[in-house]
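Remarks on the overall topology
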Number of protein chains: 2
Amino acid sequence: MKIKIAIVGYGNLGKGVECAICQNDDMELYGIFSRRDPKTLKTLTGAKAFHIDEILSHKDEIDVLILCGGSATDLPTQTPELAKNFNVIDSFDTHAKIPEHFAAVHASATAGKKVAIISSGWDPGLFSVNRLYAQAVLPEGEDYTFWGKGVSQGHSDAIRRIDGVLDARQYTIPVDAALAAARSGENPTLSTREKHIRECFVVAAEGADLKRIENEIVTMPNYFADYDTTVHFITAEEMAKNHSGIPHGGFVIRCGKTGLNKENTHVIEYSLKLDSNPEFTSSVIVAYARAAYKMQAEGQTGCKTVFDVAPAYLSPKSPEELRKTIL
Amino acid sequence: MKIKIAIVGYGNLGKGVECAICQNDDMELYGIFSRRDPKTLKTLTGAKAFHIDEILSHKDEIDVLILCGGSATDLPTQTPELAKNFNVIDSFDTHAKIPEHFAAVHASATAGKKVAIISSGWDPGLFSVNRLYAQAVLPEGEDYTFWGKGVSQGHSDAIRRIDGVLDARQYTIPVDAALAAARSGENPTLSTREKHIRECFVVAAEGADLKRIENEIVTMPNYFADYDTTVHFITAEEMAKNHSGIPHGGFVIRCGKTGLNKENTHVIEYSLKLDSNPEFTSSVIVAYARAAYKMQAEGQTGCKTVFDVAPAYLSPKSPEELRKTIL
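Residues numbered from 1 in each chain as written. Chains lettered and ligands numbered in written order. Predicted model: local features only at pLDDT ≥ 70, side-chain atom pairs only at ≥ 80, totals over all residues. Heavy atoms only, no water.

A short note on the side chain of Ser91 of chain A
Condition: In this text, helices come from DSSP runs of H or I with a minimum length of four residues, and strands from runs of E with a minimum of two, each type numbered from the N-terminal end. The rule is simple: take the accessible area with a 1.4 Å probe, protein chains only, and divide by the maximum for that residue type; under 20% is buried, over 50% is exposed, in between is partly exposed.
With respect to the helices, strands and loops of the structure, Ser91 of chain A is situated in the loop between strand E5 (87-89) and helix H3 (98-111). Since its relative accessible area comes to 11%, Ser91 of chain A is described here as buried.

Here you go:
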């Protein structure tokens, strides 16, 4: 029997999840729930579309709901609400607000005897897991996370929510000197500003106040305020021609010392080079959907993060097969 | 209250564990158990030494035993035996015999209501975990593990067990062309032999049959038979002068495709550059010792591997702190 997955929200991430499910033989896509009229929603694989308001009536048919809305306005209400009745996964990525989101989702999921996994994806997600492993293994050292060069969906989305913005792409670019310093084993202190620059390409509405838009971007807390950010206003044609891909990637690097006199240095490095950020993020989320299903089947409940999920839950292989083939 | 750790076996790995415990504030070293006369055993940090035969009388004083013997002859008997009475961790690294070792340890640990974690370290260990995450996230793709350049303790140890060998160092060296092929996204099939060469430096006893020793090395199953292996006989002086360090490292690389038409390629790469293989391995084991302690405190029992240990168990930080600071 396959794990029945449903998708809530049908943007880039929802489409990525739809494709990812096709690559996992132990899963099937039940359908896509959206605020849009289901009749107007053309799905990539011919998956059924439903209106989000009907979702509770499908409760018994769905094993795990994957929530593909945005962190700014969708997930803070959707995840706690839906976790009362469904096993859910989201990719909530406003790092500063994770504790608050966790608390709200944990209350709902516990009451509903469901498993909710929040903040999955690659950062938060796989990068977080790598920071944890590296810190636990090398307690005396420093770790550094770099993003890019690539388009950040969350940051592009944040710009798009600004009044007068029609479209936006934000590239995060690691500073080369900072990457080299992180790998040196000298454990330098690198400020947020020293590590990355943020470059924004924005299509504004006709007659919009460009100065105000630029100011709203560069001063936006959590997203841009701590970085050197440049904003370029371009035409919709330039956007389509030069910025249609959504690549991304990044590095988690930790250097630490061991030995009686701290005489030995070790470097742990994890990196991603992604042609499509939403498709890769979706692939991570789908693996965690499997974990949520297995964990709830074992009787676990409540809100979890990637830190609480033993690696074996992510795999379709049995524990015996995993030990035999890849341990 | 600190986690009380004891070490069984006092070679390079045992010494590494002794040092690593000093770097973890939530742990203390109870003592070192060895087959040697405790009076003759000088410990690096002044830790107490005990004879292994007395270990049962210390049962109630020890939270976790870290077993630092070899995979060839020590661990297959020690781990199942000690898991009856102690939470134990080992770094059993004969990949082909892991299922059998798991079964024996699981029976003991379950009967004794203890937690045993086998095959921790970096491979098996952190590399295994990275293979699992990468495979779960990118089901359509290939992964490649490369080791080195570095000294393999297990392989050097295997050579030292050959009759007539006084000392040995084995360097594992990845083949550059194979590394490039693995990162290309073309998912080539690379044989064991294409990926690495193995270079051995051996000090033989006077009058030993060098031809026989060389033959025993290059034909050794699991260790050398599947590789192009070169053997150099050198003097003890050359060994001391040129081969006293024990660096190591390696790469786990997975390339996979996503998208409706598999049009996007993603590369996940994990790498280690280690000045001291035993000290790094020890640092990993010590983090898993913390996990064993926490898991048993929660009522879990039986044999676990790195696949069964949720990342949060490895950290001294609370779940709240982890979510707030590194998720």
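Considering helix H4 (residues 126-137) of chain A
Put simply, the rule reads: Given the number of residues in a helix, its expected span is that number minus one, multiplied by 1.5 Å.
An ideal rise of 1.5 Å per residue puts 16 Å on twelve residues; H4 of chain A measures up with 17 Å between its terminal C-alpha atoms. Residues of H4 of chain A that are buried include every one of Leu126, Phe127, Ser128, Val129, Asn130, Arg131, Leu132, Tyr133, Ala134, Gln135, Ala136 and Val137 of chain A, and no others.

Let's talk about helix H10 (residues 277-297) of chain B
All names here are of chain B. Put simply, the rule is: Here a polar contact is recorded for every N or O atom pair within 3.5 Å, except that within protein the pair must consist of a potential hydrogen donor and a potential acceptor, and residues adjacent in sequence are included only if both atoms are side-chain atoms.
Relative to the 30 Å expected for 21 residues at 1.5 Å per residue, H10 spans 30 Å between its end C-alpha atoms, a close match to the ideal helical length. Regarding H10, its N-cap is Ser276, as a side-chain oxygen of that residue lies 3.1 Å from the backbone nitrogen of Glu279 further along. At the exit of H10 stands Gly299, carrying a positive phi of roughly 100 degrees.

What about the sheet that holds strand E10 (residues 196-204) of chain A?
All names here are of chain A. What counts, and what does not: At least two DSSP bridges between two strands are needed for those strands to be called paired. Two residues qualify as a contact provided that any one of their heavy atoms is within 4.5 Å of a heavy atom in the partner residue. To get an axis, a line is fitted to the C-alpha atoms, and for a helix only the part in contact is used. The angle between two axes follows their N-to-C directions and goes from 0 to 180 degrees.
The sheet built from four strands is open, its strands ordered E8-E9-E10-E11 with mixed pairing. Of all strands in the sheet, those bounded by a partner on one side alone are strand E8 (150-151) and strand E11 (228-233). Pairing between E8 and strand E9 (residues 165-174): two bridges, direction antiparallel. Within E9, the position partnered with Gly150 by the bridge is Thr172. Contacting E9, E10 and E11, helix H8 (residues 210-218) runs over the sheet at an angle of about 150 degrees to E11.

Considerations on the interface of chain A and chain B
Stated precisely, the cut-off is as follows: Once two parts are joined, some of their accessible surface, as seen by a 1.4 Å probe, is lost; buried area is that loss totalled over both. The salt bridge definition used is simple: a Lys or Arg side-chain nitrogen within 4 Å of an Asp or Glu carboxyl oxygen.
Every contact between the two is made by 67 residues of chain A and, on the other side, 67 residues of chain B. Summed over both sides, the interface of chain A with chain B buries roughly 5,800 Å², with 63% coming from carbon and sulfur. Broken down residue by residue, the surface that chain A buries against chain B is led by Gln23, Arg323 and Leu327 of chain A, which jointly contribute 14%. Across the contact surface, chain A and chain B share zero salt bridges. Put simply, chain A and chain B have 28 residue pairs in polar contact (both at pLDDT 80 or more) between them. For the side of chain A that touches chain B, the secondary structure elements donating two or more residues are H3, H4, strand E12 (248-258), strand E13 (264-274), helix H10 (277-297) and helix H11 (319-325) of chain A. Here the side of chain A that touches chain B gets eleven residues from one element, more than from any other, and that element is E13 of chain A.

Here's the deal with the pattern of salt bridges
Under the criterion given, the structure shown has 30 salt bridges over all chains. The salt bridge partner of Arg323 of chain A is Glu320 of chain A, with a shortest N-O separation of 4.0 Å. Of this pair, Arg323 of chain A and Glu320 of chain A both sit in helix H11, three residues apart, which is roughly one turn of that helix. With a closest N to O distance of 3.2 Å, Lys84 of chain B and Glu81 of chain B form a salt bridge. The class of Glu81 of chain B is partly exposed, set by a relative accessible area of 47%. Salt bridges here are not isolated pairs; linked through shared partners, they connect Asp157, Arg160, Arg161, Asp167 and Arg169 of chain A.

Considerations on the packing of aromatic side chains
Operational definition: Only Phe, Tyr and Trp rings take part, Trp by its six-membered ring, and two of them pair if their centres are within 6.5 Å. Stacked means planes under 30 degrees apart, edge-to-face means over 60, and tilted covers everything else. The criterion is that NZ of a Lys, or CZ of an Arg, lies within 6 Å of the ring centre and within 35 degrees of the ring normal, and then a charge sits over that ring.
A full pass over the atoms with the stated rule returns ten aromatic pairs over all chains. Geometrically, the ring pair formed by Tyr30 of chain B and Phe50 of chain B is stacked, given 5.8 Å between the ring centres and 15 degrees between the ring planes. You can see Tyr30 of chain B sitting in strand E2 (residues 27-34) and its partner Phe50 of chain B sitting in strand E3 (residues 49-51), a full 20 residues away along the chain. Pairwise contacts between aromatic rings join Tyr30, Phe33 and Phe50 of chain A into one cluster. Between the NZ or CZ atom of Arg323 of chain A and the centre of the ring of Phe102 of chain B, over which it lies, the distance is 3.4 Å.

Topic: the packing of H4 of chain A against H10 of chain B
Note the cut-off: Put simply, angles under 35 degrees are roughly parallel, angles over 145 are roughly antiparallel, angles from 65 to 115 are roughly perpendicular, and the rest are oblique. Nonpolar residues are Ala, Val, Leu, Ile, Met, Phe, Trp, Tyr, Cys and Pro. Charged residues are Asp, Glu, Lys and Arg, and all others, Gly as well, are polar.
Orientation of H4 of chain A relative to H10 of chain B, taken along the N-to-C sense of each, is 105 degrees, at an axis distance of 8 Å. Accordingly, the angle class assigned to the pair H4 of chain A and H10 of chain B is roughly perpendicular. Across from Tyr133, Ala136 and Val137 of chain A in H4 of chain A, the residues of H10 of chain B making contact are Phe280, Ser283, Val284, Ala287 and Tyr288 of chain B. Residues belonging to the contact of H4 of chain A with H10 of chain B are distributed by class as follows: seven nonpolar, one polar and no charged.

As for the confidence of the model for chain A
Condition: pLDDT gives the predictor's per-residue confidence on a scale running from 0 to 100.
Looking at chain A as a whole, the pLDDT averages 96, with 100% of positions reaching at least 70. Taken over the whole predicted complex, pTM reads 0.91, whereas the ipTM for its chain interfaces reads 0.91.

Quick notes on the nonpolar core
Here is the rule we go by: Joining through side-chain atoms within 4.5 Å is the link that ties buried Ala, Val, Leu, Ile, Met, Phe, Trp, Tyr and Cys residues into a set, and such a set is a nonpolar core.
Within the largest apolar cluster, 150 residues are counted, with the highest numbers of intra-cluster contacts made by Leu65, Phe280 and Tyr288 of chain A together with Leu65, Phe280 and Tyr288 of chain B. The residues contacting Leu65 of chain B, other than those within four sequence positions of it, are Ala6, Val8, Ile55, Leu82, Phe86, Asn87, Val88 and Ile89 of chain B. Counting 15 residues, the second largest nonpolar core, distinct from the first, contains Ile162, Val202, Ala204 and Val231 of chain A.

Focus on the relation of the copies chain A and chain B
Test applied: To superpose the copies, least squares is applied to the C-alpha atoms of every residue with a pLDDT of at least 70 in both.
It takes a turn of 180 degrees to lay chain A on chain B, together with a shift of 0.0 Å along the axis; the resulting RMSD is 0.1 Å. Between the two chains, the operation in question is that of a two-fold axis. Among all residues of chain A, the minimum C-alpha distance to the rotation axis is found for Ala310 of chain A, at 1.8 Å. Both copies share a contact surface, since 99% of the interface residues of chain A are interface residues in chain B too.

Structural notes on the sheet that holds strand E11 (residues 228-233) of chain B
Across the sheet, four strands lie side by side as E8-E9-E10-E11 (chain B); this open sheet has mixed pairing. Looking along the sheet, the strands with just one partner apiece sit at the ends: strand E8 (150-151) and E11 of chain B.

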